[in-house]
Amino acid sequence: MHVPSGRQKILRTGPVRQILLASLRHSMARPNGFAPSSTDETGRLPITGRGQVSMAKTVRVKSFELIARDIADVDVHLLHVLSIGVGWPHRPADWEFLRQVGQGIVAVDDIGRVFCSAMWFLQGEDLATIGLVITTPRAQAQGAGRWLMEEVMERCKGRNLTLNSTKAAYPLYLSLGFEKEATVFLHGGILSTLPAAARDHGLDELPATQIEELADYDTEAFGVNRSAVLVQLSKRSVTCVLRRSDKVVGYAMRRQFGRGHVIGPIVASNDEDAILLVGWHLPALKDGYVRIDTREDTSPFAEFLTQIGLPTTSTTITMSKGRRFLNRSDASPWVYGLAAHALN
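Residues numbered from 1 in each chain as written. Predicted model: local features only at pLDDT ≥ 70, side-chain atom pairs only at ≥ 80, totals over all residues. Heavy atoms only, no water.

## Concerning helix α9 (residues 227–234)
Part 1 of the reasoning: Restricting attention to buried positions, one finds in α9 the residues Ser 227, Val 229, Leu 230, Leu 233 and Ser 234. Each buried residue of α9 lies within a common arc of 155° when the element is viewed along its axis, so the set occupies one face.
Part 2 of the reasoning: Buried residues along α9 sit in contact with α4 (92–101), β5 (114–123), α8 (215–222), β11 (247–257) and β12 (260–268). (Buried < 20%, exposed > 50% of the residue type's maximum accessible area, 1.4 Å probe, protein only. Helix = DSSP H or I, 4+ residues; strand = E, 2+ residues; numbered from the N terminus. Arc of directions from axis to C-beta. Contact = heavy atoms within 4.5 Å.)

## Let's talk about the pattern of salt bridges
Part 1 of the reasoning: All told, the structure shown has 14 salt bridges when counted by the stated rule.
Part 2 of the reasoning: One salt bridge in this structure joins Asp 126 and Arg 323, with 2.8 Å as the shortest N-O distance. Here Asp 126, found in the loop between β5 and β6 (127–135), pairs with Arg 323, found in the loop between β14 (312–321) and β15 (334–337); they are 197 residues apart in sequence, far enough to count as distant.
Part 3 of the reasoning: For Asp 204, the salt bridge identified is with Arg 243, shortest N-O distance 3.8 Å. Here Asp 204, found in strand β9 (residues 203–206), pairs with Arg 243, found in strand β10 (residues 238–244); they are 39 residues apart in sequence, far enough to count as distant. (Salt bridge = Lys/Arg side-chain N within 4 Å of Asp/Glu carboxyl O.)

## Notes on the pairing of strand β7 (residues 160–165)
Part 1 of the reasoning: Counting buried residues in β7 gives 6 out of 6 residues, a clear majority hidden from the surface.
Part 2 of the reasoning: Every second residue of β7 is oriented toward a common face, with Asn 160, Thr 162 and Asn 164 on one face and Leu 161, Leu 163 and Ser 165 on the other, all of them buried.
Part 3 of the reasoning: Direction of pairing for β6 relative to β7: parallel, over a ladder of 4 bridges. Its bridge partner being in β7, Leu 127 is matched across the sheet by Asn 160.
Part 4 of the reasoning: Where β7 lies against β14, 5 bridges are found, and the strand directions are antiparallel. Bridging across to β14, Ser 165 finds its partner in Ile 317. (Pairing = 2+ DSSP bridges.)

## Topic: the packing of helix α10 (residues 271–281) against helix α11 (residues 300–307)
Part 1 of the reasoning: Their axes nearest at 8 Å, the elements α10 and α11 cross at an angle of 30°. Overall, the two elements α10 and α11 adopt an arrangement that is roughly parallel. Residues Asp 271, Ala 274, Ile 275 and Val 278 of α10 pack against Pro 300, Phe 301 and Phe 304 of α11.
Part 2 of the reasoning: A class-by-class count of the residues in the contact of α10 with α11 yields 6 nonpolar, no polar and 1 charged. (Axes fitted to C-alpha atoms, helices over the stretch in contact; angles between N-to-C directions. Parallel < 35°, antiparallel > 145°, perpendicular 65-115°, else oblique. Nonpolar A, V, L, I, M, F, W, Y, C, P; charged D, E, K, R; others polar.)

Shown next as structure tokens:
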């Protein structure tokens, strides 16, 4: 990525506020208009870069061009600026992790500033989860979100798709053939209350080197084998496993994310076990910011989160295209806490 030397210091090493103000000044100075200016023989916009995404040409935004690039080729601090601009909590380290486990595209201007992004994550043989679909407000108003999603869907052709939508993006996804399945409740806050210490219920820390022990149980809950993602998550997480009669009956991971820690994924067969798993992690997080994303609404698990000082702060909508994603049955393993919105 080429950045003129006069701006390189601001973009790469200056305070986040300086970076964001520079980006906002640039976007406000540009006229409206967003349309592909060069496509391949299928009508898709190719992309250029060193990553796994086939590479590219340009997107015309009236008086200037946006260049489609592989997300792996972009300075992570510019991605951080993009997510800050829409109020998302991702740190540069969170972006780096997601780039390690997924693929993506961005649109940048001629000096490398990022105007929009989208990522997809291959899970099992026939599923892809979609996330980090972000556009600046001006680009979004001119159809950048639709263009991004069409590019992603083309590259995930033949796979069932799922994503978690904000309310603002919901009409777009409906128009692209996605259907609503559930609501995700984002619980977060400063952990103010610790539950009574649980007796020995078979809870143990699981080393990252033994993460494959969770594969069968997690596949039953998630619907496809996502072992590759779990392996990467385990390298930066503390994992608690719940066993009974030497059999895995639940697990939960915690890792640094955003302004504090996230507990997820959380997989269990009932609310009581999910609460036990979360409770195991809490002493290490006292007085810190904790986030848990769940599709539980009025269950004992959801009530427990509120009681320990983690109220619902916002919601998103789980949607799918192709085969239905969520299939819950009594007494079977269930994903009580998401690994991440992009990973589900």
